[in-house]
Amino acid sequence: MVSTSALLDFFLKTRTHTETICKPLQIEDYVVQPIADVSPPKWHLGHTTWFFEDFILKKYKSDYKEFNKQFAFVFNSYYESMGARVVRTDRGNLSRPTVGEVYAYRKYVTSALAKLLQENDSLTELKELIEIGIHHEKQHQELLLTDIKYILGNNPLQPLYSENFNEYQPISNTPKWLPVKEGVYKIGHNDSGFCYDNELGRHNVFLSEYQISSELVTNAEYLKFIEDDGYNQVLLWHSEGWDWIEENNIFAPQYWQNQDGEWYCYQLNGVQKLDLQAPVTHISYYEAFAFAQWKGLRLPTEFEWEIAQSKFDWGQRWEWTESAYLPYPNYTKAPGALGEYNGKFMVSQKTLRGGSVATSDNHTRATYRNFFHPQLRWQFTGLRLAR
């Protein structure tokens, strides 16, 4: 466990960074919720604060006085055991509390938690909960950026978030096939650093010999799939994927726009001409699978990805894998409400590995398991091929 001073510094820097992400916003941007999967920035600011208040301050500070007793109802997300809450689809209806009140709430809780930590620096359980809360907020920092992108990118004016935000590094290397020998490999977290419970249960996995690409798939490669009418070739798609593109008129990655025969895409620094060397992003698992089928290849499993990851650079895009999001052997949910954090989502979702340009510093690692439903693509999701 890190020292009290280091943990306090980590906590304060994390809280500050969340607010830094919101600095380019106008006041009207804080409340918008275009779809159920996207939460208003104001809600993220409040929810990450509620987590520290309800899970830590109320439990460990006997004389703690809530900032506002109604905020738990407003800012609880999906923790059924923590009481009633505003349904997810209604988060955009919350004109109150105001943005100013939410920032005051953040300041109040940040100060109280910092003082609590300094007064109880020998409580290991407290420090462990604070560390979980910090990483929970880091997850929401990424969601903040991707939700802001969706909010602004679906505004008819398509305003930029920041002209200084660069979404990618061009891929200039020719992809190479990286071989991995058949064998039994250890999977899962295995050091003293922080991890989530879904990374635990280190276990053996047998892998047949395989090869994995050294590079992510680029826009140039994906554009060839589009030009070959890949979105209209039913045999490339899962049945659910085909229904999804038919029902939603999907014909390209999210944010791509065809203007007079030229492809453009909305980015956090505004609408830009499509860079063919950029790694393709904002694609669903369905699209990643269909592209791999078109290439006569496949997606790696999450275990193949984890064993091979030291051979290539990763972190620009969350990479879809062919693995369902399931518990590892001997997985045990955390006791109490924290058991709702990961375990109850282990159904009907796909695992992604790596990280993205929106992932906060000191948050991802080789064993990190992200997970989303296969149709979702508002995150910075891409793919790497295997065979």
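Residues numbered from 1 in each chain as written. Predicted model: local features only at pLDDT ≥ 70, side-chain atom pairs only at ≥ 80, totals over all residues. Heavy atoms only, no water.

1. Points about the overall build of the protein chain
Phase 1: The helix and strand tally for the protein chain stands at nine helices and eleven strands.
Phase 2: The globule rule puts the C-alpha radius of gyration for 387 residues at 21 Å, and the 22 Å found for the protein chain is close to it.
Phase 3: With respect to the three principal axes, the spread of C-alpha positions in the protein chain is 65 × 55 × 35 Å.
Phase 4: Across the 387 residues in the protein chain, those meeting the buried criterion constitute 56%.
Phase 5: Once local pairs closer than 6 in sequence are excluded, the contacts in the protein chain between residues at least 24 apart make up 78%.
Phase 6: Per element, the accessible surface of the protein chain, about 17,600 Å² overall, is 49% carbon and sulfur.
Phase 7: When the 38 basic and 48 acidic side-chain charges of the protein chain are each reduced to a single mean position, those positions are 5 Å apart. (Helix = DSSP H or I, 4+ residues; strand = E, 2+ residues; numbered from the N terminus. Rg over C-alpha atoms; globule rule 2.2 N^0.38 Å. Buried < 20%, exposed > 50% of the residue type's maximum accessible area, 1.4 Å probe, protein only. Contact = heavy atoms within 4.5 Å. Areas by Shrake-Rupley, 256 points an atom, 1.4 Å probe, with all protein chains shown as cover. Lys, Arg positive; Asp, Glu negative; His and termini not counted. Charge placed at Lys NZ, Arg CZ, Asp CG, Glu CD.)

2. Considering the sheet that holds strand 8 (residues 318-324)
Phase 1: The mixed open sheet is built from four strands, whose spatial order is 10-9-8-11. Edge positions in the sheet fall to strand 10 (370-372) and strand 11 (381-382), since each has one partner strand and no second.
Phase 2: Sheet topology note: the strand 8/strand 9 (residues 350-354) ladder contains four bridges and is antiparallel. Bridge pairing links Trp318 to Gly354 in strand 9.
Phase 3: Packed on one face of the sheet, helix 8 (residues 285-294) meets strand 8 and strand 9 and runs near 85 degrees to strand 8. (Pairing = 2+ DSSP bridges. Axes fitted to C-alpha atoms, helices over the stretch in contact; angles between N-to-C directions.)

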